[in-house]
Amino acid sequence: MIRQKIYDVVELNEVNSTASRLYNQFMLILVVLSMLPLAFKENYPVFAITDTVVVCIFIVDYILNWITADIRFGKHGLWSFIRYPFSIPGIVDLLSILPAMSFIHDGFRLMRLSRAVRMLRMLAVFKMVHHSQNMILVVRTLRESRDSLLAVCYLALGYILVSALVIFNVEPQTFPSFFDALYWATVSLTTVGYGDIYPVSTIGRCVTMCSSLLGIALIALPAGIITAGYLNALQSQQNKQKNKPNNGA
């Protein structure tokens, strides 16, 4: 079945053929090229050429994913093809294509007037999730560890709120607004400490020391959770590769 072969190439799984790995590595290179113009303020002519080539390949990739939507979702019928453009991968692919089309069709040239629309190019980085095995493992790890990560997130947000309320009432002259207190609590929790706003009283400095010390523990928790989950996912992938025969190109 032709569409099944197309899906096996464009979709990156634990065990893929050489053609699939080469295709996805090629798409990763194109993602980087598509974001290269963001590093320059001027629109050089070479960017028009590269954008034209890249967007054409992105469109082909979008169509290939669309015509294999029923295989992707595991449901045969028209609904899968209607669903794909409104799914997260479909929306990301479409938004990563639209800004670059300003070089192809005059009707899209107004999009170049807005740097906010031009920044939509950065959405192309999310295409890496489709074409990088390591990114797939990271996303899977985040999904499987979401309960633990959400618990740590709630704990961190609660501590930021409490610290901001304390410092806002301890030193109202240093923190004129509650947002300033929230900003201070966040940078203190992450132990960054930009130094642009800081308490000057003794009790305020004590609160800062406690916030920084607890911040070290809170920031270390999600790092440990993600690392442990990633290692488990990597070990599981290696076991699958050992148990399954290697497919040819």
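Reading the values: rules and limits
Residues numbered from 1 in each chain as written. Predicted model: local features only at pLDDT ≥ 70, side-chain atom pairs only at ≥ 80, totals over all residues. Heavy atoms only, no water. Helix = DSSP H or I, 4+ residues; strand = E, 2+ residues; numbered from the N terminus. Buried < 20%, exposed > 50% of the residue type's maximum accessible area, 1.4 Å probe, protein only. Contact = heavy atoms within 4.5 Å. Areas by Shrake-Rupley, 256 points an atom, 1.4 Å probe, with all protein chains shown as cover. Axes fitted to C-alpha atoms, helices over the stretch in contact; angles between N-to-C directions. Parallel < 35°, antiparallel > 145°, perpendicular 65-115°, else oblique. Left-handed = near helix turned anticlockwise from the far one by under 90°. Nonpolar A, V, L, I, M, F, W, Y, C, P; charged D, E, K, R; others polar. Phe/Tyr/Trp six-rings, centres within 6.5 Å; stacked < 30°, edge-to-face > 60°. pLDDT = per-residue confidence, 0-100. Polar contact = N/O pair within 3.5 Å; in protein donor to acceptor, adjacent residues only side chain to side chain. Arc of directions from axis to C-beta. Core = buried A, V, L, I, M, F, W, Y, C linked by side-chain atoms within 4.5 Å. Salt bridge = Lys/Arg side-chain N within 4 Å of Asp/Glu carboxyl O.

**Student:** Whenever I open this one, the overall build of the protein confuses me. Can you help?
**Tutor:** Helix and strand content of the protein: 12 helices and 0 strands. Counted from the first residue to the last, the protein has its helices and strands arranged as α-α-α-α-α-α-α-α-α-α-α-α. Counting all 249 residues of the protein, 33% fall into the buried class. Of the contacts made within the protein by residues no fewer than 6 positions apart, 63% connect residues no fewer than 24 positions apart. With an accessible surface of roughly 14800 Å², the protein has 70% of that area assigned to carbon and sulfur atoms.

**Student:** I would appreciate a short explanation of the packing of helix H1 (residues 2–10) against helix H3 (residues 45–67) in the present structure.
**Tutor:** Helix-helix packing: each pair is described by the crossing angle between the helix axes and the interaxial distance. Two numbers describe how H1 lies on H3: the axes approach to 9 Å, and their chain directions differ by 125°. If you check the angle between H1 and H3, you find them oblique. The handedness of the crossing between H1 and H3 comes out as left-handed. Here Arg3, Ile6 and Val10 of H1 lie close against H3, whose contacting residues are Leu64, Asn65 and Ile67. When the residues that make up the contact of H1 with H3 are grouped by side-chain class, the tally is 4 nonpolar, 1 polar and 1 charged.

**Student:** Looking at this structure, how should I read the packing of aromatic side chains?
**Tutor:** When we look at a pair of aromatic rings, we describe it by the centre distance and by the angle of the planes. Applying the stated criterion across every chain yields a total of 5 aromatic pairs. Pairing Tyr44 with Phe47 gives two aromatic rings, centres 5.8 Å apart and planes at 75°, and the pair type is edge-to-face. Taking the relative accessible area as the measure of exposure, Tyr44 reaches 39% and is therefore partly exposed. Among the residues examined, Phe47 registers a relative accessible area of 6% and is labelled buried.

**Student:** Help me understand the confidence of the model for the protein, please; the structure alone is not making it clear to me.
**Tutor:** Keep in mind that low pLDDT regions are not for reading the predicted coordinates in detail. Looking at the protein, pLDDT values average 77 and 80% of them are 70 or higher. Confidence drops under a pLDDT of 50 for residues 103–117, and excluding neighbours within four residues, the segment shows 18 contacts in the predicted structure.

**Student:** Can you help me understand the side chain of Asn24 in this one?
**Tutor:** Along the chain, Asn24 falls in helix H2 (residues 18–35). At a separation of 2.6 Å, a polar atom in the side chain of Asn24 contacts the main-chain carbonyl oxygen of Ser20.

**Student:** I tried to follow helix H6 (residues 88–97) on my own but got confused; where do I start?
**Tutor:** Because an α-helix completes one turn every 3.6 residues, residues spaced three or four positions apart along the sequence face the same direction. For H6, the full list of buried residues reads Gly90, Val92, Asp93, Ser96 and Ile97. Here the buried residues of H6 occupy an arc of 165° about the axis, which is enough to place them on one side.

**Student:** What is the right way to read the packing of H1 against H2 from this model?
**Tutor:** It is the contact of H1 with H2, at a shortest axis distance of 7 Å, that shows an interaxial angle of 55°. Considering their axes alone, H1 and H2 lie oblique with respect to each other. Touching Asp8, Val9 and Val10 of H1 are Ala19, Ser20, Tyr23 and Asn24, all from H2.

**Student:** Would you mind going over the nonpolar core with me for this structure?
**Tutor:** Side chains of nonpolar character tend, in soluble globular proteins, to be buried together. Of all hydrophobic cores here, the largest spans 13 residues; its most connected members are Ile167, Phe175, Ala181, Trp184, Ala185 and Leu189. Every element with two or more residues in this core is listed here: helix H10 (146–170), helix H11 (178–189) and helix H12 (202–243). Of all the elements, H10 adds the most residues to this core, at 5 residues. Leaving out residues up to four positions away in the same chain, Ile167 has contacts with Phe175, Ala181, Trp184, Pro199, Gly204 and Val207.

**Student:** Help me understand the environment of Val53 in this model?
**Tutor:** Turning to its location among the elements, Val53 is positioned in helix H3. For Val53, a relative accessible area of 45% translates into the label partly exposed. On a C-alpha basis, the gap between Val53 and Leu30 in space is 9.3 Å, while along the polypeptide they are 23 residues apart.

**Student:** Would you mind going over the pattern of salt bridges with me for this structure?
**Tutor:** Applying the stated criterion across every chain, the model contains 1 salt bridge. Among the salt bridges present, the one from Arg3 reaches Asp70, with a minimum N-O distance of 2.8 Å. Placement of Arg3 in helix H1 and of Asp70 in helix H4 (residues 69–73) is noted, with a sequence separation of 67 residues between them. Of the residues examined, Arg3 reaches a relative accessible area of 23% and is grouped as partly exposed.

**Student:** How should I be thinking about the environment of Ile225 in this particular structure?
**Tutor:** Mapped onto the secondary structure, Ile225 falls in helix H12. On the basis of relative accessible area, Ile225 is assigned to the partly exposed category, the value being 23%. As for Ile225 and Ser145, which are separated by 80 residues in sequence, their C-alpha atoms are 7.2 Å apart. Here Ile225 is in contact with Ser145, Ser148, Leu149 and Val152, once residues within four sequence places are set aside.

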